[in-house]
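Inside the fold
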Protein chains: 2
Amino acid sequence: MNNNKWVYRFQEGSKTMKELLGGKGANLAEMTGIGLPVPPGFTITTEACRAFYLGGCALPADLMEQVVSALQAVETETGQRFGDLENPLLVSVRSGSVDSMPGMMDTILNLGLNDDTVRGLAESTGDERFAYDCYRRLIQMYGNVVLGIPLVHFEERLDFMKREMGCTEEGEVTAEGWRRLIENYKTLIQQETSGAFPQNVMEQLEKAIEAVFRSWNNSRAIIYRKAHRIPDEVGTAVNIQSMVFGNKGDDCGTGVVFTRNPATGDKMLFGEYLTNAQGEDVVAGIRTPLPIRRMEQQMPDLYRQLTELADKLERHYKDMQDIEFTVDKQRLYILQTRGGKRTPQAAMRIAVQMVEEKIITKEEALLRIDETHLNQLLHRSFDSSAELDVIATGLPASPGAACGQVVFDPDTAEQWKKEGKPVILVRTETTPEDIHGVIAAEGVLTSRGGMTSHAAVVARGMGKPCVCGCEELSVEDRAFRAGQRLILEGDWISIDGATGQVIAGAIQVKEAKLSSELEQILHWADEVRKLRIMANADNPDDARKAGMFGAEGIGLCRTEHMFFGADRLPVVRSMILAESREERMKWLAQLLPMQEEDFAGLFRAMGGKPVTIRLLDPPMHEFLPNLEELQQQYYRALEHADQANLVELEQLIRKVRSLHETNPMLGQRGCRLGIVFPEIYEMQVEAIFRASAACLSEGIKVAPEIMIPLVGHPQEIRHMRQVVDLVAERVLGREQNAIHYKVGTMIEVPRAALTADQIAEHADFFSFGTNDLTQMTFGYSRDDAEGKFLNHYLEQKLLPHNPFQVLDREGVGQLIEWALAKGKTANPLLRTGACGEHAGDRSSIMFFHAAGLDYISCSPYRVPLARIAAAQAQLLIENVR
Amino acid sequence: MNNNKWVYRFQEGSKTMKELLGGKGANLAEMTGIGLPVPPGFTITTEACRAFYLGGCALPADLMEQVVSALQAVETETGQRFGDLENPLLVSVRSGSVDSMPGMMDTILNLGLNDDTVRGLAESTGDERFAYDCYRRLIQMYGNVVLGIPLVHFEERLDFMKREMGCTEEGEVTAEGWRRLIENYKTLIQQETSGAFPQNVMEQLEKAIEAVFRSWNNSRAIIYRKAHRIPDEVGTAVNIQSMVFGNKGDDCGTGVVFTRNPATGDKMLFGEYLTNAQGEDVVAGIRTPLPIRRMEQQMPDLYRQLTELADKLERHYKDMQDIEFTVDKQRLYILQTRGGKRTPQAAMRIAVQMVEEKIITKEEALLRIDETHLNQLLHRSFDSSAELDVIATGLPASPGAACGQVVFDPDTAEQWKKEGKPVILVRTETTPEDIHGVIAAEGVLTSRGGMTSHAAVVARGMGKPCVCGCEELSVEDRAFRAGQRLILEGDWISIDGATGQVIAGAIQVKEAKLSSELEQILHWADEVRKLRIMANADNPDDARKAGMFGAEGIGLCRTEHMFFGADRLPVVRSMILAESREERMKWLAQLLPMQEEDFAGLFRAMGGKPVTIRLLDPPMHEFLPNLEELQQQYYRALEHADQANLVELEQLIRKVRSLHETNPMLGQRGCRLGIVFPEIYEMQVEAIFRASAACLSEGIKVAPEIMIPLVGHPQEIRHMRQVVDLVAERVLGREQNAIHYKVGTMIEVPRAALTADQIAEHADFFSFGTNDLTQMTFGYSRDDAEGKFLNHYLEQKLLPHNPFQVLDREGVGQLIEWALAKGKTANPLLRTGACGEHAGDRSSIMFFHAAGLDYISCSPYRVPLARIAAAQAQLLIENVR
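As a convention, each chain's residues are numbered from 1 in the sequence order in which they are written. All chains are assigned letters beginning at A, and all ligands numbers beginning at 1, according to the order in which they are written. Per-residue local features are limited, in this predicted model, to residues with pLDDT of at least 70; the limit for side-chain atom pairs, both in listing and counting, is 80 or more; totals at the level of whole chains, interfaces and linings are taken over all residues. Excluded from the side-chain calculations are hydrogens and water; all other atoms, namely the structure's heavy atoms, are used.

Looking at an unreviewed UniProt entry, one finds chain A named Pyruvate, phosphate dikinase, with Paenibacillus residui as its source organism. Annotation of chain A in UniProt includes, under Cofactor (unreviewed entry), the sentence "Mg(2+)". UniProt positions are given in the numbering used here, feature names are shortened, and annotations may be inferred rather than shown by experiment.

Right under this line is the structure:
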């Protein structure tokens, strides 16, 4: 370890050294490098932090030696000396991690002051009051950060002193007042730590460095890292910089500016400043800062300097900057700069403007758009200025904001909707019978059920906000309780499906739309990307919406959703309850024209673009009433000796029980249904071909792709393909050649991936169903895992991400790569795609692109995100090459 | 196709050509080759059969040419001519498939007779009656086999003729009688087919060949192939052989002999014969044949010849032979020989004797033992002579035969058992609460539940017969109904867990034991095999049994079975229902000494052999009462306004519901339990180490291996290993070094196999849990698949085998091979095994051996099978090399 270079002077670094020097350190070095007025200093590396933790929270042996040497260089630059009695150098010690963690770790200012040097500072600045104010600030921060004494103890003593001295504002406190407070602080430290505040300035510095390293693992930093998926093992750098002061008088000041408006993206200096203040005062909110335009009037020269520097920084970094500056006796110093946080709207506008200003290329603009912005591009959201009275939080099942009057049953929902009232449907959980209520509602809220519960799936499919599994909520008779709050039918609530929040009252909702900047960026994305973007859509409305958002076809139409319609469900039930094949055929014959119309509607909406139709997938019992409810009905009928009802209920219960499965996810569903009851799939395929023929005769092009779900063995797809071809021959006859249909399969069972070569021999396309593939590869039932052990795993960091949100590359990804390689070898014409929820997640899209998929299919609202992410993936790969 | 050789004369073939000539053809060729008296003939190949089917059931163009040429050679050998008016050659046409399918396909005899040649036969044999009898037999067989006329039509006419002629026995029928019958048969054929019986002998032959080819696909052949797992696409050969006659007078005869007793294995000629009869007469059972010893008296010279030939054949084929012979006018002919079917007992004895007689080597003896014999080696079975009054058939859940008086609840079972009555426990389905009843019962019968239902798993674990999912059975109040039959409590029934049969009355049961011959063979197997054989055992009794059967350790102890004990379950339930960690710890403290005693018992029983203990695996709710039953209780309490009970039930229902999972197989179980509730696994690990220390202090060696179930991510095993090591340190302190414990994991989640390299870094061993691995790789819930769509798949041949019985090499096997390669690369010391039910299946054991596993672990009763199968696997691999 002896040869390690732990310390870099600002002159030695650059912005490319962020891993080693942290974001702030790299930036200070970069700014120093390009000649900006940065107070001299140096950075202790993140490597030193890791060595600190490896050594059991001890600084590496030779670290302080290197610090001293770097400090000497700073002394030379500033003409001051650390610990000097006449013109003492003061320094700040600040954390600086690789990924920005604003305010999460500790900072100490004014290091280098003690009972002796404070007098030197007073003399050299000619401002005794300022010097002792600095000193008391040091003792306070040191006492809190290094010695762990709660801030409140210091604040109490400050207040006491102010009262004693008859001051209301800190500005009124005299040097004497600060001196008294300093004595008082020293006593406090003696009491709390049985030791004195160190007069040795090197000891101050060493202890401060240790404290900043330790603050990497304070609880708020840990929580922040978890929320932002920042790895724990990186550690922080420490920046030691000579102090400049914005609080030496009215010709001093400090401020923060953005080079553009972070809310709207408008090109203008945007920010605030305070005269005679330190940066901490701006942050702490003790005094209200002034808008930056006022500086133009107060310090026109410095304002011009600042404007020029801001422009220089923006052009240098090629991004909108968030800059901290200080004016120390008419001299402008830049203390920090970084990419500024902005709203999604601002992000789009800035990106487009910067391309127009030739600061960045289109490609850079595309790469600039981050995941959070992508996720918020299109869903309706609450006005960000609104105050939210959050009464409960559930699972964020389907993003978007909704607001309406509470109803508790689907019929009321439908009725009120007709009367023009917006409603939120609140249920313990939803069933297929509630579908008309879900359609009528602005949003859905349930107290039970996970991210794949009926409510969640249906709502997501419709792009409708949904909060589910909100267990704090207890649904009672025409009312629900959330903690102490009772919400009655007709009361207004709002739900945010992106955060899971349930809010009392009506909150203003903003509509989603494609702004002209976003349209521009999407256009650039389309020029770049190789991955085709399709959409999941089950009805013509969704299909049209998908087309509007740029989908190149339908990659997944879930036909079971068509079975839940109010006119369909009774027929579907009769079909399932049929005692013989003949009887089942009779009910299927009734469904045939309905399905034909369903498919014709999709073909018309897509006008010749591919429409991938997945044949019936879920287990039969999903279409039947819930067993527990039936039994309750049964006991009620028993009580009332309702004989007729009893017989019927008994029959129904028997059938529902006979269809009951221990693990329905792994039961009789998907093509297993189609193989055991071929007449069901035959009806669906017939409807597809009839619809195709009908559209053709209207002059509408069709490109049906029939997708067989849950294939695990080559024999299944071989068999089903035969069935499709036979039906095609029977239904289409001579027209068969005019309709170029494809037959493919979902790859969602591990065995399908493992035997992909054999399966590919019978398939025109593979569509990876990453939801089920993740469930089976992990052995996780999503319904049972999320909100239960999976949360625990994520908290304990046994898993890096929720694998249902971010595709697991090591396990599931391996299977996908394996299947692609085998499948394309066996069938070079094989087209490959993915249609799980991962297809709407940026990081997963990166993987899909890298793995070489031809297309992905996501919900209509995720299509714009996917178009950009696909372009980013392509650009990143080109960059690597 | 023109250059194909479709026909082989017997002189041209040998026993190595079974694939081409079928079993019978190869044997006839072999026998001809070693100079046995085989009637001359030739064989049409299985290739010709495949060509026949490929050509749309038409004989290959040049086939009959080759037949004619081979027939000419036969004419030369016999001195007769086919179709000759004076000394006509007659031939038989018989099927002969590669795998024996006795009696499943068709045969036609006496081909070559017509209205003219029959007179020649009468003259050349001097027996008119015989000649016309032959002719009418030909017409009858031809009419039935070639023309498809039901046999009953011929039999009616035969009976009519006999009545007309005043005969009771066929022997009394005169030539005139046969001639009349022949005319009658010809009329029948004319009526049924609008065509005549062909007088052209070559036409007879050609049509007969076609008919035999077609009979490959008659329904009984198809069913037989399915039952014996014979592939459909192989086809049959056809053997054409000159006729010899055992029915030309009392100096003629025919018979079947085994070279050893097929029931006991005793070395003695065993069989039957009939004088003046054809082989078909023996098979048809029209006349009762005589024991072969009588031939010694009647035809001493021929008997000696037969004995010598039998001995020659047995030595030549190195196996007990089943020989068909005919004596035609004092000349002995061998018509067929093949390996004789035998009981498992006989198989063992014959194998050992033949080694002693130096006919075969030990290795050959081992390879001789087939799967069916292995499967029946050790379970109790019904006396094979007993007549069974089968009243219902369920799933064969746990093999073995049991017989006892019917009881319907576990308490009665226990009570009656104490009174000395053997009982069969009959339940709709069993729950953990029934465990004492299962222990008390001779066997278990349920009307619901599949092969992994509670009853099945528990019964198999105990080696106790079980029939489950017997849906024909309806359990009523103290009685059950099976079809028309009503069985009351106390009635005797018998169940066969190997066939699923439920039998009225008490059937004599034979105990399983290791015969001295089996012991000998197992000893040989142990010398050969490389695979170590461990056993699955959850209690000292099973462990001792496993040791007795030769297990080298316990490869799987399922600790959850210990939780089902009557003294444990209430504590386990309280533990699960605990509202806080503290409360849970209290109950766990009660379980600790019980578990300690459990493990100590196992260690004592195994005396230093490895004991692999799997920590708690099943989801919690398996230990709780069934929700549906609770609700019924609740409604009953509601009816009786039983307030106290209501509150308790409500609470219980709430907890059970909160633990309810949609797909429990993929829910909170395995190490997910141990991670979310670490205190449970800590208790178990503590018990293991306490028991280890206790045994050590008694001077008993211990080798505990702690197995973590359901690992899917390396972090899980890393985390659990830390927990184990910490508990070891805490519990054992200094003794830690004296106890060499191992920590390993089940590989039963696909992701574990995919990331086996990372997992192996933290594991001392892998044990492939092939049951769950199969479930997740296929996406099949075994409970929902078996008896439902899986049956359909097997019937439709979409799957070659039930993957829960025979390991799926292509999918699951690929994952295993992958995991082994990755695991051993990352950790060369890794030990690997398998502990699913496949570990007791011969074909799967072959795979495990070939894949390079170190050990397998199966139920104690399967240990002998596994020892032999492992030896066979090693020998087969050596043979290939």
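Some points on the overall build of chain A
Within chain A one finds 36 helices and 31 strands. Dimensions of chain A, computed from the C-alpha atoms along their principal axes, are close to 105 × 65 × 55 Å. By residue count, 58% of the 881 residues in chain A fall in the buried class. For chain A, contacts bridging at least 24 residues in sequence account for 68% of all contacts bridging at least 6. Exposure was quantified through the Shrake-Rupley algorithm and a 1.4 Å probe, taking into account, for residues, occlusion by the shown protein chains and nothing else. A total accessible area of about 34,900 Å² is found for chain A, and carbon and sulfur atoms account for 49% of it. A run of DSSP states H or I qualifies as a helix once it reaches four residues; a run of E qualifies as a strand once it reaches two. Both are numbered from the N-terminal end. Only protein chains enter the calculation, and the probe is 1.4 Å; a residue is then buried if its accessible area is under 20% of its type maximum, exposed if over 50%, and partly exposed in between. Two residues form a contact once any of their heavy atoms are found within 4.5 Å.

Looking at the domain arrangement of chain A
Annotation comment: domain bounds sourced from an automatic or database domain assignment. Per the domain assignment, the segments of chain A are domain 1 (7-242), domain 2 (253-339), domain 3 (379-510), domain 4 (529-619 + 661-880) and domain 5 (626-660). Look at where the C-alpha atoms of domain 1 of chain A and domain 5 of chain A centre, and you get two points 74 Å apart.

Side note on the UniProt feature "domain: PEP-utilising enzyme C-terminal" (unreviewed entry) in chain A
UniProt tags residues 516-874 of chain A as "domain: PEP-utilising enzyme C-terminal" (unreviewed entry). Helix makes up 57% of residues 516-874 of chain A and strand 10%, with an end-to-end C-alpha separation of 23 Å.

Structural notes on the sheet that holds strand β3 (residues 91-97) of chain A
Residue and element names in this part refer to chain A. Read from one edge to the other, the open sheet built from five strands follows the order β1-β2-β5-β3-β4, with strand pairing classed as antiparallel. The two strands at the open ends of the sheet, each matched to only one other strand, are β1 (7-9) and β4 (107-111). Ignoring strand direction, the axes of neighbouring strands in this sheet form an average angle of 20°. Here, strands pair whenever DSSP counts at least two bridges between them. Relative to strand β5 (residues 236-242), β3 runs antiparallel, the two being bridged by seven bridges. Considered in β5, the bridge of Val-91 is made with Ser-242. Along the sheet, helix α1 (residues 18-33) contacts β1, β2 (41-44), β3 and β5; its crossing angle with β3, the most-contacted strand, is approximately 125°. Helix axes are fitted only over the stretch in contact, all axes being lines through C-alpha atoms; the angle between N-to-C directions runs from 0 to 180 degrees.

Some thoughts on the interface of chain A and chain B
On the side of chain B, 55 residues touch chain A, which itself brings 55 residues to the contact. On the chain A side of the contact with chain B, Leu-666, Arg-751 and Leu-798 of chain A bury the most area, a combined 12% of that side's loss. What counts as a salt bridge is simple: a side-chain nitrogen of Lys or Arg found within 4 Å of a carboxyl oxygen of Asp or Glu. Across the contact surface, chain A and chain B share four salt bridges. Here Asp-808 of chain A makes a salt bridge to Arg-751 of chain B, at a shortest N to O gap of 2.6 Å. What qualifies as a polar contact is a pair of N or O atoms within 3.5 Å, subject to a donor-acceptor requirement within protein and to the restriction that residues adjacent in sequence count only when both atoms come from side chains. Between chain A and chain B we count 30 residue pairs in polar contact (both at pLDDT 80 or more) in total. Per-element tally for the side of chain A that touches chain B: the top contributor is helix α34 (residues 809-826) of chain A, with six residues. Under the scheme applied, nonpolar residues are Ala, Val, Leu, Ile, Met, Phe, Trp, Tyr, Cys and Pro; charged residues are Asp, Glu, Lys and Arg; polar residues are all the others, including Gly. Of the residues contributing to the side of chain A that touches chain B, the split by class is 21 nonpolar, 20 polar and 14 charged. Defined here as a combined quantity, buried area equals the accessible surface (1.4 Å probe) lost by two parts on assembly, summed across both.

What to know about the packing of aromatic side chains
Put simply, two rings from Phe, Tyr or Trp (the six-membered ring, in Trp's case) pair if the centres are within 6.5 Å, and we call them stacked under 30 degrees between planes, edge-to-face over 60, tilted for the rest. Overall, the coordinates contain 38 aromatic pairs over all chains when judged by the stated rule. A centroid spacing of 5.3 Å and a plane angle of 80° characterise the contact between Phe-52 of chain A and Tyr-53 of chain A, whose relative ring orientation is edge-to-face. Linked through ring pairs, Tyr-634 and Tyr-635 of chain A together with Tyr-634 and Tyr-635 of chain B together constitute an aromatic cluster. Only lysine NZ and arginine CZ atoms are considered, and such an atom sits over a ring when it is within 6 Å of the ring centre and within 35 degrees of the ring normal. Cation over ring: Lys-5 of chain B sits above Tyr-8 of chain B, and NZ or CZ is 4.6 Å from the ring centre. Cation over ring: Arg-179 of chain B sits above Tyr-132 of chain B, and NZ or CZ is 4.8 Å from the ring centre.

Considering the relation of the copies chain A and chain B
Copy-to-copy alignment: least squares on C-alpha atoms, limited to residues at pLDDT 70 or above in both. In screw terms, the move from chain A to chain B is a rotation of 179° and a rise of 0.0 Å along the axis, fitting with an RMSD of 0.2 Å. What the rotation and shift describe, once combined, is the action of a two-fold rotation axis. Among all C-alpha atoms of chain A, that of Asn-663 of chain A lies closest to the rotation axis, at 2.1 Å. The residues that chain A uses at the interface reappear at the interface of chain B in 100% of cases, marking a shared surface.

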